[in-house]
Each structure stands twice: as C-alpha cells, then as structure tokens.
Amino acid sequence: MRRRDFIAALGIAVARPLSTSAQQLAPPVVGFLSSLSSAAVTAPVAAFRRGLASLGYEEGKNVAIEFRWAEGHYDQLPALAAELVQKRAAVIVAVGGDPPAFAAKAASVTIPLVFMVGQDPVKLGLVTSLSRPGGNATGINLLVTETESKRVDLLKALVPAASVFAAFINPKNADAEVQSSAITSAAHSIGHQIEIVKASSELDLENAFKRFAHERTAGFIVTADPFFVYRREQIITAAAEHKTPGVYFLREFAESGGLASYGTRLADAYWQAGVYVGKILGGTKPAELPVVQPTKFELVINLKTAKALGLTIPPSLLAIADEVIE
C-alpha cells in the first residue's frame, strides 16, 4: 500500500470511533410540550426539573430539554409535537390539559409519553388501564373535573347569601360538556342557579365581567382549563375591579390575588412527571408505570382579597384551609 493511501485508511479507522463516541456523549432529549406559556408555570417547571434531578438527570449536564409553548393556541400543538419528534426526543412530556396529550400521542406511537390530564385517561383513550397503561404512554390524572363540584360548595360557603353564580368554561376544551354537567348538577343539589359563561378569548372574559357588574353576579367559578391559567392576571384584575368573588382550581390564582382555590398542587404533579421521565430515561417502559392520581387536595384562601371584597371568611373554612394568605 502506498504511504498516502495508508495514512488515508488510518484516518478513516480513527475517525469512525471518534464519531461513535461523540454520538454516545450526546445527552438524551426530553421534549416538553405545553399549551401554556413559560411565564404561567415557572414554579411547576422548576419542580419538574427537581423531579428529573432526583433520578440523576440535570439539564445541561446529562439531559437536554426542548420546550415548546403553544401559549393558549391549541391549534399549534400538533405542529409543535411534530417538531419534538423531529428532534428525536427520547421522551415527550405533555402538560397543560388534554390537548397536548392528544397531540403528542398522535405525533408518535413509539416515543414514550408522560402526560398530565384533567380527567380519566382511560376514557380519553390515552391508556388501557390506570395500573397497566400499555402502549407508549403514562402520566398523571389531576382529577380536576372530578373536583368541580367541590368548588361550587366552596363558593356557597364563601358567599352564603347568594343564590345565583356563574361559571367560566372554555367551549374549545374537550371536557367542556363534562364540566358544565358536573357544575350544573352540583349547583342544583344545593338549590342554586348557575350561569355557564363560555369564554375562549380575552374579549370574552372582558365582556363577561362587565355583565357580572351589570347583573350583580354574586360570584363565579373558573373551571379547569389551560386558557384560564394563561389569562390568570386578566381574570384576577377584573375580579378585583368589579369586586366579584371567584373560586379557582389552582393555588396560583389565590397566590396572585384570587379569593380562594381548591385542587391539586400543580408543582407536585410536575415533580412526579419529572420522576417518571427520569425512570423512562433509565430504561423503564411507560407501560410499567401506573398512572398517578393525587390523594391530597389543598384549600387556599386569600384573606387580604376577602377583606377587599368585604367578605368574612367562616372560621370553619379557615380552620381546614391548607394555607391562608394574609
């Protein structure tokens, strides 16, 4: 063999192992698909990272995270999910309601999926059972739909003299009919009337609060939907301006100035999602990880807001509240 050919052949032999080594060193990619904006879930995302870290995976060291935020635009989710598939994500996390889970599931039937949904994922068709999910998906069921009636009871306790309430529902949510039925049934069971207010835009919310002021609506409930999380500040500000009591499904609303919230602690759910992603990266199959359902729901009351609204919180509620914001 001529010297030049020998050197060229040697270069090829050396280059191949180096290329293989570089590929091995590339950290796995976690695709993070959300219908929300990053600003809306800063604390929960930090909890997700802690969950990952508890299994030894740290962003920037041995794992990369590709975030995709739909910012309330559900129609963008399929394209964003497709981007994560193209990025060769090792696992996809779908949070912010049911639509991201559907988009991720449709984008790939092989990439492991960790979802976070508001109602039974078996009924949604995401898994075959809670204990043995089957397929490529598992995750967390926040049970938000199942707790809508509890928020009706809470509003009644906060505004006992009222007989008519309102409930915000996003008609674009796949759970809209289920939510409406659950809330209407709960209101009728305590002898109340409830007006279903359909809202899926900033203008819808603005007009609703103007109507509340005109009709002197006694209070309202915000049903579980990512759109309302995205418009949290608008809702809280309008409620304060029109002095209308509101009950919400996430503590973040009460922390931002809402009157009260009852539901799952979102940061805990995101932490669990991080743990599940870490286990899947470690070799566990989604089918081997049962769907997690919360066992604890927290009541948060903002006493400062109550005083601004001229409301006296019953001592019985203060006694059972998980947190009272003063």
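Everything numeric here is computed off the predicted structure, so don't read it as measured data. The residue numbering used here restarts from 1 in each chain and proceeds along that chain's sequence as written. Reporting of local features is limited, given that this is a predicted model, to residues whose pLDDT is at least 70; pairs of side-chain atoms are given and counted only at 80 or more, and all residues count toward the totals for whole chains, interfaces and linings. Hydrogen atoms and water are omitted, and side-chain values are computed over all heavy atoms in the structure.

Draft legend 1. Representation of the overall build of the protein chain within the structure. A count of helical and extended segments in the protein chain gives 14 helices and 12 strands. Overall size of the protein chain, expressed as C-alpha extent along the three principal axes, is 100 × 35 × 35 Å. For every residue, the accessible area (1.4 Å probe, protein chains only) is compared with the maximum for its type, and the residue is labelled buried under 20%, exposed over 50%, or partly exposed between those bounds. Buried residues in the protein chain amount to 50% of all 326 residues. Any two residues whose heavy atoms approach within 4.5 Å at even a single point are treated as in contact. When contacts within the protein chain are restricted to residue pairs at least 6 apart in sequence, those whose partners lie at least 24 apart make up 69%. Of the roughly 15300 Å² of accessible surface on the protein chain, 54% is carried by carbon and sulfur atoms. Lys and Arg are tallied as positive, Asp and Glu as negative. Neither His nor the chain termini are counted. Where a charge lies is defined by one atom per residue type, namely NZ (Lys), CZ (Arg), CG (Asp) and CD (Glu). Put simply, the protein chain has 31 plus and 30 minus side-chain charges, and the middle of one group is 7 Å from the middle of the other. Comment: elements are numbered from the N terminus, with helices defined as DSSP H or I runs of at least four residues and strands as E runs of at least two. Areas reported as accessible are Shrake-Rupley estimates using a 1.4 Å probe. Residue values count occlusion only from the protein chains shown.

Draft legend 2. Quick peek at the packing of aromatic side chains. Ring pairs are drawn from Phe, Tyr and Trp, using the six-membered ring of Trp, whenever the two centres fall within 6.5 Å, and their geometry is named by plane angle: stacked under 30 degrees, edge-to-face over 60, tilted for the rest. Applying the stated criterion across every chain, the model contains 17 aromatic pairs. Ring geometry for Phe209 and Phe220: centres 5.4 Å apart, planes at 90 degrees, overall edge-to-face. Of the two residues, Phe209 sits in helix H8 (residues 202–215) while Phe220 sits in strand S8 (residues 220–222), which places them 11 residues apart along the sequence. Each member of the pair, Phe209 as well as Phe220, is classed as buried. Through a chain of ring-to-ring contacts, the aromatic side chains of Phe168, Phe209, Phe212, Phe220, Phe227, Phe228, Tyr248, Phe249 and Phe253 assemble into a single cluster.

Draft legend 3. Summary view of the pattern of salt bridges. Salt-bridge detection follows one rule: a side-chain nitrogen of Lys or Arg within 4 Å of a carboxyl oxygen of Asp or Glu. Applying the stated criterion across every chain, the model contains 15 salt bridges. Residues Lys61 and Glu58 are paired through a salt bridge, measuring 3.5 Å at the closest nitrogen-oxygen approach. With relative accessibility at 65%, the residue Lys61 sits in the exposed group. By relative accessible area, which is 38% here, Glu58 ends up partly exposed. What you see here is one network of salt bridges that share partners, running through Arg251, Glu255, Arg265, Asp268, Glu298 and Glu323.

Draft legend 4. Region of the structure containing the nonpolar core. Nonpolar core, defined: a set of buried Ala, Val, Leu, Ile, Met, Phe, Trp, Tyr and Cys residues in which side-chain atoms within 4.5 Å join the residues together. Counting residues in hydrophobic clusters, the biggest one holds 75 residues, and the most contacted among them are Phe48, Phe168, Phe220 and Tyr270. Counting residues per element, this core draws most heavily on helix H12 (residues 266–281), at nine residues. With residues near it in sequence (within four places) discarded, Phe168 still touches Val197, Ala199, Leu205, Ala208, Phe209, Phe212, Phe220, Ile221, Val222, Thr223 and Phe228.

Draft legend 5. Seen up close, the pairing of strand S4 (residues 113–117). Among the five residues of S4, five are classified as buried, and the element is accordingly described as predominantly covered. Taking every second residue as pointing to the same face, both faces of S4 are buried, with Leu113, Phe115 and Val117 on one and Val114 and Met116 on the other. We treat two strands as partners when DSSP finds at least two bridges between them. The pairing of strand S3 (residues 91–95) with S4 spans three bridges and is parallel. When the bridges of S4 are listed, Val93 appears paired with Val114.

Draft legend 6. Just the side chain of Asp98, in detail. For Asp98, the location among the structural elements is in helix H4 (residues 98–107). Polar contact is the term for a pair of N or O atoms within 3.5 Å; when the atoms are in protein, one must be able to donate a hydrogen and the other to accept it, and sequence-neighboring residues count only if both atoms are side-chain atoms. Side-chain polar atoms of Asp98 contact the backbone nitrogen of Gly118, separated by 3.2 Å. Other than its neighbours up to four places away in sequence, Asp98 contacts Val117, Gly118, Gln119, Leu124 and Asp175.

Draft legend 7. Main features of the packing of H8 against helix H10 (residues 232–241). Axis separation between H8 and H10 bottoms out at 10 Å; the angle between their running directions is 15 degrees. It follows that H8 is roughly parallel to H10 by the angle criterion. The interaxial crossing formed by H8 with H10 has right-handed handedness. Contact with H8, carried on its side by Glu202, Leu205, Glu206 and Phe209, involves Gln234, Ile235, Ala238 and Ala239 of H10 and no other residues of that element. For this classification, Asp, Glu, Lys and Arg are treated as charged, while Ala, Val, Leu, Ile, Met, Phe, Trp, Tyr, Cys and Pro are nonpolar and the rest, including Gly, are polar. Of the residues belonging to the contact of H8 with H10, the class tally is five nonpolar, one polar and two charged. Interaxial angle, 0 to 180 degrees, is taken between N-to-C directions of lines fitted to C-alpha atoms, where a helix line uses only the stretch in contact. Angles are sorted into four bins: roughly parallel if under 35 degrees, roughly antiparallel if over 145, roughly perpendicular if 65 to 115, and oblique for all others. In this scheme the handedness of a crossing depends on how the near helix is turned from the far one: anticlockwise by less than a right angle means left-handed, clockwise means right-handed.

Draft legend 8. Representation of empty space enclosed by the protein in the model. Within this scheme a cavity is a closed region of a 1 Å grid, computed over the protein atoms alone, that accommodates a 1.4 Å probe without allowing it to escape, whereas a pocket is open but has protein on both sides within 12 Å along at least five of seven lines; lining residues each have an atom within 4 Å of a point. Grid points are joined across faces, edges and corners, and a volume is the space filled by probe spheres set on the points. Following the criterion strictly, the structure yields one cavity of 30 Å³ or more and no others. Space inside the largest cavity adds up to approximately 240 Å³. Lining the largest cavity are 21 residues, and of these Gly96, Gly97, Leu142, Pro226 and Phe249 sit closest to its centre. Among the secondary structure elements, those contributing two or more residues to the lining of the largest cavity are S4, helix H9 (226–230) and H12. In terms of residue class, the lining of the largest cavity is built from 12 nonpolar, six polar and three charged.

Draft legend 9. Representation of the side chain of Thr305 within the structure. Among the secondary structure elements, Thr305 is positioned in helix H13 (residues 303–309). Note on Thr305: relative accessible area 15%, which makes it buried. In terms of polar contacts, Thr305 uses its side chain to reach the backbone carbonyl oxygen of Gly257, at 2.8 Å. In this structure Thr305 touches Gly257, Gly258 and Leu259, once residues within four positions along its chain are discounted.

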